[in-house]
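Below are the chains, spelled out letter by letter.
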Amino acid sequence: MTITQEEADTLIAIEKYLANPQGVKIPKMRETRIYPAYYKCYNKRRDDLDVSAYRGGIDGNKVSYRLIYKKSVLLIRIDTNDKTAHINPDKSFIPPMTPHIHVYREGYGDKFAYPLPAEFSSKGADIEKLFIEFLQYSNFINIDELSLSIIEQEVLIYDK
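Quick notes on the rules
- Residues numbered from 1 in each chain as written.
- Predicted model: local features only at pLDDT ≥ 70, side-chain atom pairs only at ≥ 80, totals over all residues.
- Heavy atoms only, no water.
- Helix = DSSP H or I, 4+ residues; strand = E, 2+ residues; numbered from the N terminus.
- Rg over C-alpha atoms; globule rule 2.2 N^0.38 Å.
- Buried < 20%, exposed > 50% of the residue type's maximum accessible area, 1.4 Å probe, protein only.
- Contact = heavy atoms within 4.5 Å.
- Areas by Shrake-Rupley, 256 points an atom, 1.4 Å probe, with all protein chains shown as cover.
- Polar contact = N/O pair within 3.5 Å; in protein donor to acceptor, adjacent residues only side chain to side chain.
- Core = buried A, V, L, I, M, F, W, Y, C linked by side-chain atoms within 4.5 Å.

Below, the discussion takes up the overall build of the protein. Within the protein, the secondary structure is distributed over two helices and nine strands. For the protein, the succession of helices and strands along the chain, N to C, is α-β-β-β-β-β-β-β-β-β-α. Rg of the C-alpha trace for the protein: 16 Å, near the compact-globule value of 15 Å for 160 residues, within the 12% margin. For the protein, the residues scored as buried account for 43% of the 160 residues in total. Considering only intrachain contacts with a sequence separation of at least 6, the fraction spanning at least 24 residues in the protein is 46%. Of the roughly 9100 Å² of accessible surface on the protein, a fraction of 52% belongs to carbon and sulfur atoms.

Along the polypeptide, Glu-31 turns up in strand 2 (residues 31–41). A polar contact is formed between the side chain of Glu-31 and the side chain of Arg-33, at a distance of 3.2 Å. Apart from the residues within four sequence positions on either side, Glu-31 is in contact with Ala-53, Tyr-54, Arg-55 and Ile-151.

Since there are 3.6 residues in each turn of an α-helix, residues three or four apart along the chain are aligned in direction. Ile-127, Leu-130, Phe-131, Glu-133, Phe-134 and Leu-135 are the residues of helix 2 (residues 127–137) that are buried. Structurally, helix 2 contributes buried residues whose contacts are with strand 1 (16–18), strand 3 (44–55), strand 4 (63–69) and strand 5 (73–79). The distance from a side-chain oxygen at the start of helix 2 to the backbone nitrogen of Glu-128 is 3.1 Å, and the residue carrying that oxygen is Asp-126. Looking one or two residues beyond helix 2, the residue adopting positive phi is Asn-139, at roughly 70°.

Ranked by internal contacts, the top residues of the largest apolar core, which has 34 residues, are Val-51, Tyr-65, Leu-75, Phe-131, Phe-134 and Leu-135. Those elements giving two or more residues to this core turn out to be helix 1 (5–13), strand 2, strand 3, strand 4, strand 5 and helix 2. Looking at which element gives the most residues to this core, the answer is helix 2, with five residues. Not counting residues up to four positions away in its chain, the partners in contact with Val-51 are Leu-18, Arg-33, Ile-34, Tyr-35, Arg-66, Leu-67, Phe-131, Phe-134, Leu-135 and Phe-140.

So far we have only geometry, and geometry alone does not tell us how the molecule works.
Here it is as structure tokens:
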């Protein structure tokens, strides 16, 4: 699915709400969590947005936070601790291990990446703070209702 740049810009700029902010958590390692979101358009609630949070398996600080429209259009994506360089369609690149942001670009989707803008003070060092900054950048209104925490890995102890 593709959308116009005007549609993408509007969806990014419009005030958004997490459907269940108290249930939002940073996933445990090797896990992706999807959180429904909504916005209001012409006094109607639209439930066609999701926030996705992924956390790496080896590096717990490797995360990807995404704002997704209609289950397939990535409007905004933030990635941290990627060990490979990100090469853009114009051959510019983001060096390895550099936190970066992808913002929808008509004709390219989320293929272009840019260094994190100034609004992101954590620069990926604090994955909880980065998630809050991602939600603020994405114009979520009910962030103050979050009781955010990181889901830690379970450690299983086996008796011999």
